[in-house]
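Structure at a glance
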Amino acid sequence: MNNTDPDATYAASYSSKDPSMNVSVHSQQNLAQLSPYLNFNPVYLPQSQPEFIFPEGVARQRGRFELAFSQIGGSCMLGAGIGGIGGFYNGLKSTTLAGHTGKLRRTQLLNYVMKQGSATANTLGVLAVMYSGFGVILSWARGCDDELNTIVAASATGLLYKSSAGLRKCAIGGGIGFSLAAVYCLWSARDKLQDFRQEYNPA
Amino acid sequence: MEEYAREPCPWRIVDDCGGAFTMGCIGGAVFQSIKGFRNAPSGLNRRLLGSLAAVKQRSPVIAGNFAVWGGLFSTIDCTLVHIRRKEDPWNSIISGAATGGILAARNGLPAMAGSAIIGGVLLALIEGVGILFTRLSAEHFRPAPPQLGDDPTQLGPPPPGFSQSYQ
């Protein structure tokens, strides 16, 4: 073809200016004329995701039942830590106020720590057992595992935990469970929400 | 794969703590509901309320005790595995004894010793039953005994016309 472009003399047939080349990626002008292999669609590059080998019949994500025990154990230990620190703080306050010293003070502090620690550990552990139980039953009954299971299980846990304290407290418990689960689901699905926003807000 | 369903050692402690808590929670709920039912005044409503109250009060405590036992046992077990650099039933037995002893520490030395012996014997029984089951189910996986034609050293001298037919 008749180009009077001085750059086109070296590799005229591979230029990105040639409409029949069907170039999808336009690199800089010098590179495009150096090699025809630089005009490619980046989709053909290998993705940098890790590629795992799974045995047959195994789901890609760990199921709720497998995660349940470590969630329960983790919340138990977390409760023990939080309760222990709170009990230590309360014990320090009350033993200083009462002027205890020495062995008596050590025993009193230990008692405070153990009592508050075990109380909070038991509470958080029971909540985790209820949540895991509801989650496993829901995912088994529905046959799939998604955020709806999380939200419903958390609300049911809140309702059940406060169910013997009267209707109002029961509803407040369910509401707290629902809001915690909603915040967690929004945070964990923030990539998907990002796409959602871009799709519906072209501005 | 089921044989690799246990987590590696540090996370195993959290898993075992959670498992023990769940066992204590469910077992405690069952036993305390029956106990509360029986110890409540007569009348089905009062009995059910009594059973519910007993479950709410006592089963978290039982679950917590189980969780402490399970977590401590698993911690000592993982520590022994790390120190001895092998996994065998002795780790579990020693851990059971140590857990029993530590959890009875507030009651003085004789109580500690007694509790340690009970814990050790219990774990030895559990491990023994486990080994028994492994031996019994190993029959299942034994490879087939070698057949008559498999081993070439057992064949004996070749038949007389053999080498000529080979060429």
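Residues numbered from 1 in each chain as written. Chains lettered and ligands numbered in written order. Predicted model: local features only at pLDDT ≥ 70, side-chain atom pairs only at ≥ 80, totals over all residues. Heavy atoms only, no water.

A word on the overall build of chain A
Definition in use: Secondary structure elements are taken from DSSP: a helix is a run of H or I of four residues or more, a strand is a run of E of two residues or more, and numbering for both begins at the N terminus. Think of it in three bands: residues with accessible area under 20% of the maximum for their type are buried, residues over 50% are exposed, and the middle band is partly exposed, with areas taken using a 1.4 Å probe on protein chains only. For this analysis, residues touch if any pair of their heavy atoms sits within 4.5 Å.
Looking only at helices and strands, one finds six helices and zero strands in chain A. Listing the helices and strands of chain A from first to last along the sequence gives α-α-α-α-α-α. Here chain A holds 203 residues, and the buried ones make up 25% of them. Restricting to contacts in chain A with at least 6 residues of sequence separation, those with at least 24 account for 47%.

A word on helix H3 (residues 89–103) of chain B
All names here are of chain B. Rule in force here: Given the number of residues in a helix, its expected span is that number minus one, multiplied by 1.5 Å.
End to end, H3 covers 21 Å across 15 residues, agreeing with the expected 21 Å (1.5 Å per residue, within 8%). For H3, every residue scored as buried is listed here: Asn91, Ser92, Ile93, Ser95, Gly96, Thr99, Gly100 and Gly101. Considering only its buried residues, H3 is in contact with helix H2 (44–84) and helix H4 (109–141).

Description of the interface of chain B and chain A
Definition in use: Buried area counts how much accessible surface, traced with a 1.4 Å probe, disappears from two parts once they are put together, with both parts' losses summed. Whenever a carboxyl oxygen of Asp or Glu lies within 4 Å of a side-chain nitrogen of Lys or Arg, that contact is scored as a salt bridge. In the analysis that follows, any N or O atom pair within 3.5 Å is treated as a polar contact, provided that within protein one partner can donate a hydrogen and the other can accept it, and provided that, for residues neighboring in sequence, both atoms belong to side chains.
In this complex, chain B contributes 16 residues to the contact, which on the side of chain A involves 16 residues. Considering only the side of chain B, the residues that lose the most area to chain A are Val14(B), Phe21(B) and Arg106(B), jointly responsible for 34% of the buried surface there. Taken together, the connections running from chain B to chain A amount to zero salt bridges. Where chain B packs against chain A, one counts four residue pairs in polar contact (both at pLDDT 80 or more). Looking at the side of chain B that touches chain A, the elements that each hand over two or more residues are helix H1 (9–39) and H2 of chain B. With nine residues, the single largest contributor to the side of chain B that touches chain A is H1(B).

So, the UniProt feature "transmembrane region" (unreviewed entry) in chain B
Condition: UniProt positions are given in the numbering used here, feature names are shortened, and annotations may be inferred rather than shown by experiment.
Summarizing the sequence annotation, UniProt attributes the feature "transmembrane region" (unreviewed entry) to residues 111–133 of chain B in the numbering used throughout. Split by type, residues 111–133 of chain B is 100% helix and 0% strand. Its first and last C-alpha atoms lie 33 Å apart.

Some details on the side chain of Asp77(B)
Stated precisely, the cut-off is as follows: Residues counted as positive are Lys and Arg, residues counted as negative are Asp and Glu, and His and the chain ends are not counted.
Position of Asp77(B) among the secondary structure elements: in helix H2. Buried Asp77(B), no salt bridge; nearest opposite-charge side chain is Arg12(B), N-O distance 4.7 Å.

Things to note about the packing of helix H3 (residues 102–142) of chain A against helix H4 (residues 147–161) of chain A
Residues and elements named next belong to chain A. Applicable threshold: Every axis in this analysis is a line fitted to C-alpha atoms, fitted for helices over the stretch in contact. Angles between the N-to-C directions lie between 0 and 180 degrees. Comment on the angle field: the value is read as roughly parallel under 35 degrees, roughly antiparallel over 145, roughly perpendicular from 65 to 115, and oblique elsewhere. Each crossing gets its handedness from the near helix: less than a right angle anticlockwise from the far helix is left-handed, clockwise is right-handed. Note on residue classes: Ala, Val, Leu, Ile, Met, Phe, Trp, Tyr, Cys and Pro are nonpolar, Asp, Glu, Lys and Arg are charged, and everything else, Gly too, is polar.
The interhelical angle for the contact between H3 and H4, taken along N-to-C directions, is 135°, at an axis separation of 8 Å. Our classification of the angle between H3 and H4 gives oblique. The handedness of the crossing between H3 and H4 is right-handed. Residue-level contacts link Thr123, Val126, Leu127, Met130, Tyr131, Phe134, Gly135, Leu138, Ser139 and Arg142 of H3 to Leu148, Asn149, Thr150, Val152, Ala153, Ala154, Ala156, Thr157, Leu160 and Tyr161 of H4. Residue composition of the contact of H3 with H4, by class: 13 nonpolar, six polar and one charged.

Some remarks on a nonpolar patch on the surface
Residues and elements named next belong to chain A. The condition is simple: Surface patches are drawn from residues lacking salt bridges whose relative accessible area is over 30%; two like charges belong together within 9 Å, two nonpolar side chains (Val, Leu, Ile, Met, Phe, Trp, Tyr) within 5 Å. Residue-level accessible areas treat just the shown protein chains as cover; the underlying method is Shrake-Rupley with a 1.4 Å probe.
On the surface, Leu186, Leu193, Phe196 and Tyr200 cluster together into a nonpolar patch covering about 440 Å² of accessible area. No other element matches helix H6 (residues 190–200), which puts three residues into the nonpolar patch. Tracing the sequence through the fold places Phe196 in helix H6.

Considerations on the pattern of salt bridges
Summed over all chains, the structure comprises three salt bridges over all chains. Among the salt bridges present, the one from Asp146(A) reaches Arg142(A), with a minimum N-O distance of 2.9 Å. Using a relative accessible area of 31% as the deciding quantity, one classes Asp146(A) as partly exposed. Judged by relative accessible area, Arg142(A) falls into the partly exposed class, the value being 37%. A salt bridge links Asp88(B) to Arg84(B); the nearest nitrogen and oxygen atoms lie 2.8 Å apart.

Structural notes on the nonpolar core
Convention followed: Take the buried residues of types Ala, Val, Leu, Ile, Met, Phe, Trp, Tyr and Cys, join any two whose side-chain atoms come within 4.5 Å, and each joined set is a nonpolar core.
Counting twelve residues, the largest nonpolar core consists of Ile72(A), Cys76(A), Ala121(A), Val126(A), Ala128(A), Val129(A), Met130(A), Cys17(B), Phe21(B), Cys25(B), Ala63(B) and Ala67(B). For this core, the elements supplying multiple residues, two or more each, are helix H2 (64–98) and H3 of chain A together with H1 and H2 of chain B. Those residues in contact with Ile72(A) that lie beyond four places of it in its chain are Gly125(A), Ala128(A), Val129(A), Ser132(A), Gly18(B), Phe21(B) and Thr22(B).

Here's the deal with the state of the cysteines
As a reminder, the rule being used: Disulfides are defined as pairs of cysteine sulfur atoms found within 2.5 Å of each other.
Applying the stated criterion across every chain, the model contains one disulfide over all chains. Paired by a disulfide, Cys9(B) and Cys78(B) hold their sulfur atoms 2.2 Å apart. The sign of the S-S torsion, about -95°, decides the handedness of the disulfide formed by Cys9(B) and Cys78(B): left-handed. Pair noted here: Cys9(B) is in helix H1 and Cys78(B) is in helix H2, with a separation of 69 residues, a long-range link. Unpaired in this structure, Cys144(A) has its nearest cysteine sulfur neighbour in Cys185(A), at a distance of 13 Å. With relative accessibility at 34%, the residue Cys144(A) sits in the partly exposed group. The thiol of Cys17(B) is unpaired, and the distance to the nearest cysteine sulfur, on Cys76(A), comes to 4.8 Å.

Side note on the confidence of the model for chain B
Low-pLDDT stretches of the model should not have their predicted coordinates read in fine detail. Note the following rule: Every residue carries a pLDDT, the predictor's confidence in it, which falls somewhere between 0 and 100.
The predicted model of chain B has a mean per-residue pLDDT of 87, with 92% of residues at 70 or higher. Taken together, the chains of this predicted complex give a pTM of 0.74 and an interface ipTM of 0.76.

A word on the UniProt feature "transmembrane region" (unreviewed entry) in chain A
UniProt feature "transmembrane region" (unreviewed entry): in the numbering of this structure it lies at residues 119–141 and 166–187 of chain A. Its end C-alpha atoms 33 Å apart, residues 119–141 of chain A is made of 100% helix and 0% strand.

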